[in-house]
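Coordinate inspection notes
Listed here are the chains, written in short residue letters.
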Amino acid sequence: MFEYTLPVREFTAQPAHLASAPTTGGAQEPVTDDPHNPTKITIYAPGPDSALRMARRHLTLLHARLAYSDPGAVSRTAPDVIYAEARARAKTLTPDEREEESRFSIHSDDDELRLFALTDVMRQHGELPS
């Protein structure tokens, strides 16, 4: 496992300046320097290609969360709409229905955004630990 650090510009990872270092720890969550205006992201991955994919997915999620919580902060993208619709839907479900949906398989990036929206709502309602 390696720790990859990539510069970020406008929620897009810049692979040209990819820096890496071996790490002895297991998998860890991606980390950005500022979730509202990231300039650097650190990813833990087995290789540079997977690090770039993970960085892109994480930055897409950050952008969607920001577009949802502060609509004027960024221009909306298609993933932002998917996240917002999934979050609105998750709010209408009962806790048992949300728990059931959280067990669905992820087959695409859109499914992953929907699951993040669902878990964000579950955390907001105290159904998951923060």
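Above this text you will find the structure in question.
Throughout what follows, the structure given in this document is the object of discussion. Just so you know, the residues in each chain are numbered from 1, in the order the chain's sequence is written. Whole-chain, interface and lining totals are the exception, using all residues; otherwise, since this is a predicted model, local features are given only for residues with pLDDT of at least 70 and side-chain atom pairs are given and counted only at 80 or more. Side-chain descriptors were evaluated using all non-hydrogen atoms of the structure, hydrogens and water having been removed beforehand.

Before going further, it helps to examine the packing of aromatic side chains. Under the pairing criterion, centres of Phe, Tyr and Trp rings, with the six-membered ring standing for Trp, must be within 6.5 Å; the plane angle then separates stacked pairs below 30 degrees from edge-to-face pairs above 60, leaving the rest tilted. Using the criterion set out here, one finds two aromatic pairs in the structure. Between Phe2 and Tyr4, the aromatic rings sit 6.1 Å apart at their centres with planes inclined by 55 degrees, giving tilted as the arrangement. For every residue, the accessible area (1.4 Å probe, protein chains only) is compared with the maximum for its type, and the residue is labelled buried under 20%, exposed over 50%, or partly exposed between those bounds. Taking the relative accessible area as the measure of exposure, Tyr4 reaches 5% and is therefore buried. Aromatic pair Tyr68 and Tyr83: ring centres 6.0 Å apart, planes at 80 degrees, arrangement edge-to-face. Separated by 15 residues along the polypeptide, Tyr68 in helix H1 (residues 48-69) and Tyr83 in helix H2 (residues 78-92) bring together distant segments of the chain. What makes Tyr68 partly exposed here is its relative accessible area of 27%. On the basis of relative accessible area, Tyr83 is assigned to the buried category, the value being 0%. Starting at the N terminus, helices and strands are each numbered in turn, a helix being any DSSP run of H or I of at least four residues and a strand any DSSP run of E of at least two.

This next bit is on the layout of surface pockets. One number sums up the size of the largest pocket: a volume of about 300 Å³. Elements supplying a minimum of two residues to the lining of the largest pocket: strand S5 (40-45), H1 and helix H4 (109-124). At five residues, H1 tops the list of elements feeding residues into the lining of the largest pocket. Residues are grouped as follows: Ala, Val, Leu, Ile, Met, Phe, Trp, Tyr, Cys and Pro are nonpolar; Asp, Glu, Lys and Arg are charged; every other residue, Gly included, is polar. Residue classes in the lining of the largest pocket are distributed as eight nonpolar, two polar and four charged. Grid points spaced at 1 Å and placed over the protein atoms alone form the basis of the search, with a cavity being a set where a 1.4 Å probe fits but cannot get out and a pocket an open set showing protein on both sides within 12 Å along at least five of seven lines. Lining residues have an atom within 4 Å of a point. Every residue lining the second largest pocket is listed: Ala86, Arg89, Ala90, Glu101, Phe104, Ser105, Ile106, Asp111, Arg114, Leu115 and Leu118. For the lining of the second largest pocket, the elements supplying multiple residues, two or more each, are H2 and H4. Element by element, the count of residues in the lining of the second largest pocket is highest for H4, at four residues. Partitioned by chemical class, the residues of the lining of the second largest pocket number six nonpolar, one polar and four charged. Grid points are joined across faces, edges and corners, and a volume is the space filled by probe spheres set on the points.

This next bit is on unusual backbone geometry. The general pattern is negative phi for most residues beyond glycine and trans for most peptide bonds. Located in the positive-phi region is Glu10, a residue other than glycine, with phi close to 50 degrees. The topology assignment puts Glu10 in the loop between strand S1 (2-9) and strand S2 (12-13). If you check the backbone angles, Phe11 has positive phi at about 60 degrees while not being a glycine. For Phe11, the position within the fold is in the loop between S1 and S2.

Right, let's talk about the nonpolar core for a bit. Grouping buried Ala, Val, Leu, Ile, Met, Phe, Trp, Tyr and Cys residues that are joined through side-chain atoms within 4.5 Å yields what is termed a nonpolar core. Core analysis: the largest hydrophobic core is formed by 16 residues, its most contacted members being Leu6, Ala13, Ile41, Ile43, Ala55 and Leu59. Those elements that place two or more of their residues in this core are S1, S5 and H1. Sort the elements by how many residues they give to this core and H1 lands first, with seven residues. In what follows, a contact means two residues having at least one pair of non-hydrogen atoms within 4.5 Å. If we ignore the near neighbours within four places in the chain, the residues touching Leu6 are Ala13, Gln14, Pro15, Leu18, Thr39, Lys40, Ile41, Ile43, Leu52 and Ala55. Leu61, Ile82, Leu113 and Ala117 belong to the second largest nonpolar core, which has seven residues in total.

A few words now on the environment of Thr5. Mapped onto the secondary structure, Thr5 falls in strand S1. When the C-alpha atoms of Thr5 and Ala51 are compared, they prove to be 8.9 Å apart, with 46 residues separating the residues in sequence. Those residues in contact with Thr5, other than ones at most four positions away along the chain, are His17, Leu18, Ala19, Lys40, Ile41 and Thr42.

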